[in-house]
Amino acid sequence: MAVYVVLHALGLAIGPAGLLGLLVMFVCLGFYPSLLLRLGWVPPRRKRKP
């Protein structure tokens, strides 16, 4: 959301600003699980033993 607001304030039209904001949001969502693991808020996954 903040990326969209900044891009729109810089003069970028609503369409490209919205698309870039969505792209940044999806990229950040991809890194969110690893961030939770690094902060220790989620226990690490246990490996299965055969």
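Residues numbered from 1 in each chain as written. Predicted model: local features only at pLDDT ≥ 70, side-chain atom pairs only at ≥ 80, totals over all residues. Heavy atoms only, no water.

Draft legend 1. Summary view of the overall build of the protein chain. Within the protein chain, the secondary structure is distributed over 2 helices and 0 strands. For the protein chain, whose C-alpha radius of gyration is 17 Å, the value lies well above the compact-globule estimate of 10 Å for 50 residues. Here the protein chain holds 50 residues, and 8% of them are scored as buried. If you sum the accessible surface of the protein chain, you get close to 4,900 Å²; carbon and sulfur atoms cover 73% of it. (Helix = DSSP H or I, 4+ residues; strand = E, 2+ residues; numbered from the N terminus. Rg over C-alpha atoms; globule rule 2.2 N^0.38 Å. Buried < 20%, exposed > 50% of the residue type's maximum accessible area, 1.4 Å probe, protein only. Areas by Shrake-Rupley, 256 points an atom, 1.4 Å probe, with all protein chains shown as cover.)

Draft legend 2. Up close: helix H2 (residues 14-39). Over its 26 residues, H2 runs 35 Å from end to end, which matches the ideal 38 Å to within 8%, given 1.5 Å per residue. At Tyr-32, H2 shows its largest kink, close to 35°, and the proline Pro-33 lies no more than four residues downstream. Buried within H2 we find Ala-17, Gly-21 and Leu-36. Phi for Gly-40, located one or two positions after H2, is positive at around 85°. (Expected span 1.5 Å × (residues − 1). Bend = angle between axes of the 7 residues up to and from the residue.)

Draft legend 3. Expanded view of the packing of helix H1 (residues 2-9) against H2. In contact at an axis separation of 8 Å, H1 and H2 are set at 150° when each is read in the N-to-C sense. When the axis of H1 is compared with that of H2, the two are roughly antiparallel. The crossing of H1 and H2 is right-handed. Of the residues in H2, those touching H1 at Val-3, Tyr-4, Leu-7 and His-8 are Ile-14, Ala-17, Gly-18, Leu-20, Gly-21 and Val-24. (Axes fitted to C-alpha atoms, helices over the stretch in contact; angles between N-to-C directions. Parallel < 35°, antiparallel > 145°, perpendicular 65-115°, else oblique. Left-handed = near helix turned anticlockwise from the far one by under 90°. Contact = heavy atoms within 4.5 Å.)

Draft legend 4. Broad picture of the environment of Gly-30. Here Gly-30 lies in helix H2. C-alpha of Gly-30 to C-alpha of Lys-49: the two residues are 19 residues apart in sequence and 28 Å apart in space.

Draft legend 5. Representation of the environment of Leu-36 within the structure. Along the polypeptide, Leu-36 turns up in helix H2. Its relative accessible area of 15% is what places Leu-36 among the buried residues. Those residues within four positions of Leu-36 in sequence are excluded, and the remaining contacts are Trp-41 and Val-42.

Read these as layout, nothing more, since geometry by itself doesn't imply function.
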